[in-house]
There are 2 protein chains.
Amino acid sequence: MSASELHDNLIHRVNVGDSLTRTAARHPRRTAVVDGARRFTYTEFNAWVNRVANALTARGYARGDALALASGNSAEFLVTYYACAKLGVVCVPVNLGWRADEVAYVLGHSKSRGIVVESQLLEAMSDALGKVPAVTDVIVAPGTGAAAEGGTFEELAEGFPDTEPEHVVGDRDPITYLYTSGTTSFPKGVMGNHTAIYLESTMMALEARFTEEDRFVAMMPMFHTAQLNCHCTAAVMVGAAIHVRRGFDAAGLLEQIERERITQIFGLPMMYQQLLEHPDVATRDLSSLRRALYAMAAMPEAQLRQAIEVFGCEFYLLFGQTEMSPTTNLFRPEHQLSHAGAVGSAVVNVQTAIMDADGSLLPQGEVGEIVYRGPHTMTGYLDDAEATAEAFEHGWFHSGDVGYFDADGILWFSDRRKDVIKTGGENVASMEVEKALFEVGEDIAEAVVVGLPHERWTEAITAVVVPKPGRRIDPEALLAGLRSRIDRYKVPKAVIVAGELPRTSTGKIRKNVVRESFAEHYTGGAG
Amino acid sequence: MSASELHDNLIHRVNVGDSLTRTAARHPRRTAVVDGARRFTYTEFNAWVNRVANALTARGYARGDALALASGNSAEFLVTYYACAKLGVVCVPVNLGWRADEVAYVLGHSKSRGIVVESQLLEAMSDALGKVPAVTDVIVAPGTGAAAEGGTFEELAEGFPDTEPEHVVGDRDPITYLYTSGTTSFPKGVMGNHTAIYLESTMMALEARFTEEDRFVAMMPMFHTAQLNCHCTAAVMVGAAIHVRRGFDAAGLLEQIERERITQIFGLPMMYQQLLEHPDVATRDLSSLRRALYAMAAMPEAQLRQAIEVFGCEFYLLFGQTEMSPTTNLFRPEHQLSHAGAVGSAVVNVQTAIMDADGSLLPQGEVGEIVYRGPHTMTGYLDDAEATAEAFEHGWFHSGDVGYFDADGILWFSDRRKDVIKTGGENVASMEVEKALFEVGEDIAEAVVVGLPHERWTEAITAVVVPKPGRRIDPEALLAGLRSRIDRYKVPKAVIVAGELPRTSTGKIRKNVVRESFAEHYTGGAG
């Protein structure tokens, strides 16, 4: 590599690590990260990132190498991520909900050379590490576990200078491999790239009006794209403060909002529900809140109205997926009440369209697969050309979601494509039946509707329901109620009462597991 | 090119034309462009752009070809620009202040295949076109001139479909060659690229809080980067309305602000001065204004205070240059009064630093050359490797400006590097002497300070002043006043009284012309 190649790269490149360098130059004294009692200004945080990056270089890590990261939310998580970004090293976050064989698969598949592990996770990771001898470099980050032997995160950077590491990194070099929680097989490695994450972060800051005066709580898992690439990187882009939390608890969060004058939180609808139900919500001073983001799904209208009233701030639903880095649509404050239940409109960097099975785009009002184009689409799935080609068929990214645009240009989500039930020649959105179930069955705590193999119907619509504690569900009464509410052909052929439903680490019901469990409900094979 | 290469490009690319496509999908019914009595929604404007792009393709234009554009501000200007962007054709705006030989040079140097010319400019362009036979395709846009023979802009697109043109365009493909107004030689072609302009536009929208509710007046020349790439492209990014004006006149602008409820204007300090002095400013309803942008130079503090009071909106100074696409620093509303005279702080995409002559970065407070890094730096100068290498020396873009950061991290501009006068072993900023001149010489209308060749002083500080109409300037009294105000070695060795000063089309005094005119003032050579 010539000096002029490096110089040209340093001048022109799009690099997520550079956004930290620039913010540190522009807002040197502003708070970057607060993690427990530790507080770091942007100068301090950037200097720490540089020391770690220079240490990783000395340890042999270079552009294109993969470094795994198994950690709860922490300052060290963010330091590792930005150090990798500045070097062109690919950060591979480990989902803490994975089984040992999944972790081992990801470490092997990503060709990780090393791993940063929080001390209390060392034991849980040891099974996986035993299966992947190629991961030779284990760096132990501080945590609540026993003091570790060998190299620690503190020792790693000791004695290294905080000068900016200057290495060639390409605009479209991978920044992370984010393995999507596999529901049917081992997870796929979504290759995020610097341009994608950089543009997504700028877009998020623009669309949701982030400023350097903001103070964010980061409580969603950093090993997921939404907390990491959308929320934290956008905060760093503008110079806002990130207040790290290791997870969600209502009382602790409410206390923190008051104490730190938090301006922005980001969580799941059920977290907002728990906050609303917590007694402290009435006594804590929440007046600093300007924005509440939520993800995964639209909130029920009653909950949304209550949340807007109680928190007194703007609500934004982020709709998207890991492959899109992730935000594709924002359900914006101005639409929340007029279009409750919708999932919003496209963001500046994304074109959202509806496609039929043949690859033709559909006009407004028609239901089909939601597809996307835009520069924050993933590069592809790591070492999986077939899945990548399938995802990019017809020149659009296929979301696997089914939905439509209404007359106001607002996107509505109908169902996951694979959850649409094909029954007796009709297509039925499982979500529509689920919504009706909750309306007629007041004793239902949880419910899921799936199609199960059936000789006559191809798929028979089937409801699996979990009663509220101490309540009883009468399947016949439930079906009678449904018949008066939805089209006859949408009414389940059977209601199965269960004790609980299988869920992913983000709380999504694993419908494929439900389908597998009851696969022979109608066909009656030996099981 | 394979279908999958095109598909991959359409999904992932960073393309300025795509930002229009996306805005048209998101805000189909919002106003995009208003030009006189003509109003276009984003659907209509995008459809027009697509028809023109498809027509240009049929005419043989393809990725990498150059198409020149000689036009005042108009809807056709913006249509041509976006049509080129979608095709990967390079748009080459012609500065309407150029002489025929400069136009001919640019057409030849850029290898333009064709040119779009407003009808009233046809005659002015004919000399230049006669010298460049390679420009075979002349497309006449409507204007105030005589009806043209041959292909017109309306005929061009007639019968072509408004389907999205889908062609491979690279992230770093050139989008414009913007020739910088040459002060010493023929202009240099600044190669802007799609990633640079796309990121600059997003940055501008983020930093100055543009929204789809905004209504912009575009009155600065669109053949300059600031009006085109910073203001118009950022408006299109968010879905704001662009109200085209062919130039500045105070009365017309004030009337338009009231009539169209304009939210944003962008002009030069002298334009704001004229607005402030116009009687209509007191009677027009200017309450819709939210933001006033200005460029080129800081406003005098008194003018700025008056402007903020009269217009009742936020003021932003854009500091930068064509090579940086162009904005590098914003002098923000919150600093305007506390740091009057400064030029602001870096924007999110740009790192701004101060460098000494050896290429070392200087600490806060020290004076040196202002240098930049960031993804909206130009690709380079077209076919000028030497000038490009010089501009990018030491891995930073050299602005040619001299300045420093104050203790609050705010950037102050001292002078153009080439205008710093080297006299008797000292470096003197010409601007400091100019500022003092205006303070002591109340009869001065215009003044410029240059260094002229001198046997003893190397360069002798020399003031060239123009008196106000009907006033007289006494050089001796002026020098006496200066001696009591600035360091002795900064006082000019001579004061030359002149009738006028040479200026560029943007109103900058051409100091190099002043230097040439008086080059032998002290050496007394035969002239």
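Owing to the predicted nature of the structure, the values given are computational and were not obtained by experimental measurement.

Give a description of the overall build of chain A that names residues and reports values.
What chain A contains, in helices and strands, is 16 helices and 25 strands. Rg of the C-alpha trace for chain A: 24 Å, near the compact-globule value of 24 Å for 527 residues, within the 12% margin. Oriented by its inertia axes, the alpha-carbon framework of chain A measures out at about 75 × 50 × 50 Å. The proportion of buried residues among the 527 residues of chain A is 59%. Here the contacts in chain A between residues at least 6 apart in sequence split such that 67% fall between residues at least 24 apart. A total of about 20200 Å² of accessible surface is found on chain A, and carbon and sulfur atoms cover 50% of it. Computed over 48 positive and 68 negative side-chain charges, the separation of the two mean positions in chain A equals 2 Å.

Tell me about the relation of the copies chain B and chain A, residues and numbers included.
Each copy superposes on the other: chain B lies on chain A with an RMSD of 0.0 Å after a rotation of 180° and an axial shift of 0.0 Å. One copy is carried onto the other by what is essentially a two-fold rotation axis. Among all residues of chain B, the one whose C-alpha sits closest to the rotation axis is B:Leu206, at a distance of 2.3 Å.

Quick one: what's the story with the pattern of salt bridges, residue by residue and with numbers?
Under the counting rule described, the total for this entry stands at 69 salt bridges over all chains. A:Arg291 is the partner of A:Asp214 in a salt bridge, and the nearest nitrogen-oxygen pair spans 3.2 Å. Highlighted residues: A:Asp214 in the loop between helix H8 (194–207) and strand S9 (215–218) and A:Arg291 in strand S12 (residues 291–295), separated in sequence by 77 residues. Classification of A:Arg291 by relative accessible area gives buried; the value is 1%. Two residues, B:Lys111 and B:Asp383, come together in a salt bridge whose shortest N-O distance is 3.4 Å. Note that B:Lys111 is positioned in the loop between helix H5 (100–109) and strand S5 (112–118) and B:Asp383 in the loop between strand S18 (380–381) and helix H13 (385–391), a separation of 272 residues in sequence. Judged on exposure class, the residue B:Lys111 and its partner B:Asp383 are both exposed. Look at the salt bridges and you will find they share partners, linking A:Arg39, A:Glu255, A:Arg259 and A:Glu260 into a network.

Give me the nonpolar core: which residues, what numbers.
Buried together is how nonpolar side chains tend to be arranged in soluble globular proteins. Of all hydrophobic cores here, the largest spans 233 residues; its most connected members are A:Phe311 and B:Phe311. Contact partners of B:Phe311, with chain neighbours within four places excluded, come to B:Tyr272, B:Leu275, B:Leu276, B:Val281, B:Leu286 and B:Leu289.

Summarise the interface of chain B and chain A; cite the residues concerned and give the values.
In this assembly, 48 residues from chain B lie in contact with 48 residues from chain A. The contact between chain B and chain A buries some 3700 Å² in all, and 57% of this surface belongs to carbon and sulfur atoms. Counting across the interface, chain B meets chain A through four salt bridges. Linking chain B with chain A are 16 residue pairs in polar contact (both at pLDDT 80 or more), by the criterion used here. Listing elements by their share of the side of chain B that touches chain A, those giving two or more residues are helix H1 (3–12), helix H2 (16–26), helix H8 (194–207) and helix H9 (225–238) of chain B. Considering each element in turn, the side of chain B that touches chain A owes the most residues, six residues, to H8(B).

Can you tell me about the sheet that holds strand S20 (residues 411–416) of chain B, naming the residues and giving the values?
All names here are of chain B. Strand order in the open sheet formed by four strands is S16-S17-S19-S20, with antiparallel pairing between adjacent strands. Each edge of the open sheet is held by one strand with a lone partner, namely strand S16 (351–355) and S20. Sheet twist, expressed as the average angle between the axes of neighbouring strands with direction ignored, equals 50°. Note: S16 against strand S17 (residues 368–373), five bridges, orientation antiparallel. Bridge pairing links isoleucine 354 to isoleucine 370 in S17.

So what's going on with the pairing of strand S6 (residues 137–141) of chain A? Residues and values would help.
Note on strand geometry: in a regular strand, side chains alternate between the two faces of the sheet. Judged by how many residues are buried, S6(A) sits mostly within the fold: four of five residues are covered. Once you follow strand S5 (residues 112–118) of chain A into helix H6 (residues 122–131) of chain A and on to S6(A), the crossover reads as right-handed.

Outline the packing of aromatic side chains, supporting the account with residue identities and numerical values.
A complete count under the given rule lists 27 aromatic pairs over all chains for this structure. When the centroid spacing of 5.0 Å and the interplanar angle of 35° are considered together, the rings of A:Phe40 and A:Trp48 count as tilted. The pair A:Phe40 / A:Trp48 is uniform in exposure class, with both members buried. An angle of 80° between the planes, with centres 6.3 Å apart, marks the rings of A:Trp48 and A:Phe153 as edge-to-face. You can see A:Trp48 sitting in helix H3 (residues 42–58) and its partner A:Phe153 sitting in helix H7 (residues 153–157), a full 105 residues away along the chain. With respect to class, A:Trp48 is no different from A:Phe153; both count as buried. Here A:Arg113 stacks its cationic end above the ring of A:Tyr61, 4.8 Å away from the centre of that ring. Against the face of B:Trp457 rests B:Lys493, its NZ or CZ located 4.2 Å from the ring centre.

Lay out the sheet that holds strand S19 (residues 397–405) of chain A with the relevant residues and their values.
Pairing between the strands of a sheet comes from backbone hydrogen bonds, and it takes one of two forms, parallel or antiparallel. Residues and elements named next belong to chain A. Spatially, the four strands line up as an open sheet ordered S16-S17-S19-S20, and their pairing is antiparallel. The sheet terminates laterally at strand S16 (351–355) and strand S20 (411–416), the two strands that pair on one side only. For this sheet, the mean inter-axis angle between neighbouring strands, taken without regard to orientation, is 50°.

Give me the packing of helix H5 (residues 100–109) of chain A against H6(A): which residues, what numbers.
All names here are of chain A. Where H5 contacts H6, the two axes come as close as 8 Å, and the packing angle between them is 50°. One way to sum up the angle between H5 and H6 is to call them oblique. The element H5 and its partner H6 pack so that their crossing is right-handed. Residues Ala100, Asp101, Val103, Ala104 and Leu107 of H5 touch H6, and the partners they reach there are Met125, Asp127, Ala128, Leu129 and Lys131. Classifying every residue of the contact of H5 with H6 gives seven nonpolar, no polar and three charged.

How would you summarise the confidence of the model for chain A if you had to cite specific residues and measurements?
Here chain A shows a mean pLDDT of 93. Residues at 70 or above account for 97%. Quick note on the complex model: pTM equals 0.91, ipTM equals 0.90.

Could you give me a rundown of the pairing of S19(A), with the residues and numbers involved?
All names here are of chain A. In terms of residue burial, S19 counts as a mostly covered element, since eight of its nine residues are buried. When strand S17 (residues 368–373) meets S19, the two strands line up antiparallel, connected through four bridges. Of the residues in S19, the one forming a bridge with tyrosine 372 is phenylalanine 397. Bridge analysis of S19 against S20 gives five bridges, and the strand direction is antiparallel. Each bridged residue has a counterpart across the sheet, and for aspartate 401 the counterpart in S20 is arginine 416.

Could you give me a rundown of the environment of A:Val168, with the residues and numbers involved?
Of note, A:Val168 is situated in the loop between H7 and strand S7 (174–179). In this structure, the C-alpha to C-alpha distance between A:Val168 and A:Gly524, residues 356 residues apart in sequence, is 61 Å.

Got a sec to walk through the domain arrangement of chain A? Specific residues and values, please.
Residue and element names in this part refer to chain A. What the domain assignment lists for chain A is domain 1 (3–205), domain 2 (248–416) and domain 3 (420–518). Relative to domain 2, the C-alpha centre of domain 1 lies at a distance of 26 Å. Listed by partner, the interface residues are 20 residues for domain 1 and 24 residues for domain 2. For the pair domain 1 and domain 2, the interface holds two salt bridges. Notably, a salt bridge pairs glutamate 260 with arginine 39, separated by 3.1 Å at the nearest N-O pair. Where domain 1 meets domain 2, there are nine residue pairs in polar contact (both at pLDDT 80 or more). Within the residue set of the side of domain 1 that touches domain 2, elements represented by two or more residues are S7, strand S8 (189–193) and H8. Per-element tally for the side of domain 1 that touches domain 2: the top contributor is H8, with six residues. For the side of domain 1 that touches domain 2, a count of residues per class yields ten nonpolar, five polar and five charged.

How each quantity is defined
- Residues numbered from 1 in each chain as written.
- Chains lettered and ligands numbered in written order.
- Predicted model: local features only at pLDDT ≥ 70, side-chain atom pairs only at ≥ 80, totals over all residues.
- Heavy atoms only, no water.
- Helix = DSSP H or I, 4+ residues; strand = E, 2+ residues; numbered from the N terminus.
- Rg over C-alpha atoms; globule rule 2.2 N^0.38 Å.
- Buried < 20%, exposed > 50% of the residue type's maximum accessible area, 1.4 Å probe, protein only.
- Contact = heavy atoms within 4.5 Å.
- Areas by Shrake-Rupley, 256 points an atom, 1.4 Å probe, with all protein chains shown as cover.
- Lys, Arg positive; Asp, Glu negative; His and termini not counted.
- Charge placed at Lys NZ, Arg CZ, Asp CG, Glu CD.
- Least-squares fit on C-alpha atoms with pLDDT ≥ 70 in both.
- Salt bridge = Lys/Arg side-chain N within 4 Å of Asp/Glu carboxyl O.
- Core = buried A, V, L, I, M, F, W, Y, C linked by side-chain atoms within 4.5 Å.
- Buried area = accessible area lost by both parts, 1.4 Å probe.
- Polar contact = N/O pair within 3.5 Å; in protein donor to acceptor, adjacent residues only side chain to side chain.
- Pairing = 2+ DSSP bridges.
- Axes fitted to C-alpha atoms, helices over the stretch in contact; angles between N-to-C directions.
- Right-handed = clockwise from strand over helix to strand, strands pointing away.
- Phe/Tyr/Trp six-rings, centres within 6.5 Å; stacked < 30°, edge-to-face > 60°.
- Lys NZ or Arg CZ within 6 Å of the ring centre and 35° of its normal.
- Parallel < 35°, antiparallel > 145°, perpendicular 65-115°, else oblique.
- Left-handed = near helix turned anticlockwise from the far one by under 90°.
- Nonpolar A, V, L, I, M, F, W, Y, C, P; charged D, E, K, R; others polar.
- pLDDT = per-residue confidence, 0-100.
- Domains from an automatic or database assignment.

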